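Residues per chain are reported as follows:
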Amino acid sequence: MANRPELLAPPEIFYDETEARKYTSSSRIVDIQAKLSERALELLALPEDGVPRFLLDIGCGSGLSGETISEYGHHWLGLDISASMLNVAVEREVEGDLLLGDMGQGLGLRPGVIDGAISISAVQWLCNADKTSHEPRLRLKAFFGSLYRCLSRGARAVFQVYPENIKQRELILRQALQAGFGGGLVVDYPHSTKKRKEFLVLTCGSVQTSIQTGKNECDEGCSEDDFSEDEESGMVSMSDRNRPRKRQKPNKKGKTREWILRKKEQSRRKGNDVPADSKYTGRKRKSCF
């Protein structure tokens, strides 16, 4: 895990001018980026009516993913925190519009203007605290909340992610669901240690019942070296969850004894000084003595 770029430096520092040009000039990276972008657009499931959509490429870098979006006939807006990456994108004369910004501070786009969003290997950067003021949970909350607002109703967002561990995966998914999204995780080649790819597929508003199945290793040929023995059996590893329900407000006419005891116990866990429970706890007081 020592070679993970997010563990070496913040993205705006790691992807300096040298690293940005090195990244874009690698034919291997260009090929991988194109395949991941095509898969993300496939999971985005845009209507095949010939009408161009306005898509958001989060962590667009030098515009490699944006080129795939343009090839599919759509318009796009790219957001990235690295000025060096965006400078390379300008030199390459990509067709999309470019925006310099930190997704962890929110997107700042008008509500409902985006028809879909993709992101390749970017969201996991928010799980790292690069500054003393950075709190991963709050940065993910700001990101997913602003993304939910700028997406049109029923639009999808697809994120290809490389979570470092299960804790990061759960943190990302939890914050997405709390922002109002529905959806889950799609894993391509779940048994392969080399080809395994995770895609977080989210829907804004009403949740569609079907999510495309992940790809299997033997669709393109496989060998025993590509498999991991500790993987569970099955073609797809997917967590499909719906939008969490809002908590019901307590009855204004009166709070029950169970509700009061539960609130007192929560306050005790926080270290507050709470009066002891008794047979009078939660009992309705008479109007006069």
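Residues numbered from 1 in each chain as written. Predicted model: local features only at pLDDT ≥ 70, side-chain atom pairs only at ≥ 80, totals over all residues. Heavy atoms only, no water.

Draft legend 1. Layout of the layout of surface pockets. Roughly 250 Å³ of volume is contained in the second largest pocket. Along the wall of the second largest pocket there are 13 residues; nearest its centre are Leu 46, Pro 47, Glu 48, Tyr 72 and His 74. Taken together, the residues of the lining of the second largest pocket sort by class into 7 nonpolar, 3 polar and 3 charged. (1 Å grid on protein atoms, 1.4 Å probe; cavity = no way out; pocket = protein on both sides within 12 Å on 5 of 7 lines; lining within 4 Å. Points joined across faces, edges and corners; volume = space filled by probe spheres on them. Nonpolar A, V, L, I, M, F, W, Y, C, P; charged D, E, K, R; others polar.)

Draft legend 2. Expanded view of helix H5 (residues 83-91). Looking at H5, one finds that the buried residues are Met 85, Leu 86, Val 88 and Ala 89. Looking straight down H5, one finds that the buried residues subtend no more than 155 degrees of arc, so they occupy a single side. Buried-residue contacts for H5 involve helix H2 (17-25), strand S2 (75-80) and strand S3 (97-100). At the exit of H5 stands Glu 93, carrying a positive phi of roughly 55 degrees. (Buried < 20%, exposed > 50% of the residue type's maximum accessible area, 1.4 Å probe, protein only. Helix = DSSP H or I, 4+ residues; strand = E, 2+ residues; numbered from the N terminus. Arc of directions from axis to C-beta. Contact = heavy atoms within 4.5 Å.)

Draft legend 3. Helix H7 (residues 166-178), seen in detail. The first and last C-alpha atoms of H7 sit 18 Å apart over 13 residues, in line with the 18 Å expected at 1.5 Å per residue. Looking at H7, one finds that the buried residues are Gln 168, Leu 171, Ile 172, Leu 173, Gln 175, Ala 176 and Leu 177. The opening residue of H7 is Asn 165, an N-cap whose side-chain oxygen sits 3.2 Å from the backbone nitrogen of Lys 167. One or two positions beyond H7, positive phi appears at Gly 180, with a value near 115 degrees. (Expected span 1.5 Å × (residues − 1). Polar contact = N/O pair within 3.5 Å; in protein donor to acceptor, adjacent residues only side chain to side chain.)

Draft legend 4. Geometry of the environment of Gly 104. For Gly 104, the location among the structural elements is in the loop between S3 and strand S4 (114-120). Using a relative accessible area of 6% as the deciding quantity, one classes Gly 104 as buried. Gly 104 sits 37 residues away from Lys 141 along the chain, and the two C-alpha atoms are 8.2 Å apart. Ignoring sequence-local partners within four residues, the contact set of Gly 104 consists of Leu 126, Arg 139 and Ala 142.

Draft legend 5. Expanded view of the packing of helix H6 (residues 136-150) against H7. Interaxial distance between H6 and H7 falls to 9 Å at its minimum, and their mutual angle equals 45 degrees. With respect to H7, the axis of H6 lies oblique. Once H6 is placed against H7, the crossing between them reads as right-handed. Contact residues: Pro 136, Arg 137, Leu 140, Lys 141 and Phe 144 in H6; Leu 171, Ile 172, Gln 175 and Ala 176 in H7. In the contact of H6 with H7, the residues fall into 6 nonpolar, 1 polar and 2 charged. (Axes fitted to C-alpha atoms, helices over the stretch in contact; angles between N-to-C directions. Parallel < 35°, antiparallel > 145°, perpendicular 65-115°, else oblique. Left-handed = near helix turned anticlockwise from the far one by under 90°.)

Draft legend 6. Just the state of the cysteines, in detail. Evaluation of the coordinates by the stated rule reveals 0 disulfides. This cysteine, Cys 150, is not joined by any disulfide, and Cys 204 carries the nearest cysteine sulfur, 8.4 Å off. A residue is classified by how much of its surface remains accessible, and Cys 150, at 0% relative accessible area, is buried. (Disulfide = S-S within 2.5 Å.)

Draft legend 7. Quick peek at the packing of aromatic side chains. Within the structure shown, the criterion is met by 7 aromatic pairs. For the ring pair Phe 143 and Phe 144, a centre distance of 5.0 Å and an interplane angle of 55 degrees mean the geometry is tilted. Judged by relative accessible area, which is 0%, Phe 144 ranks as buried. One aromatic cluster in this structure is built from Phe 143, Phe 144, Tyr 148, Phe 159 and Phe 181. (Phe/Tyr/Trp six-rings, centres within 6.5 Å; stacked < 30°, edge-to-face > 60°.)

So far we have only geometry, and geometry alone does not tell us how the molecule works.
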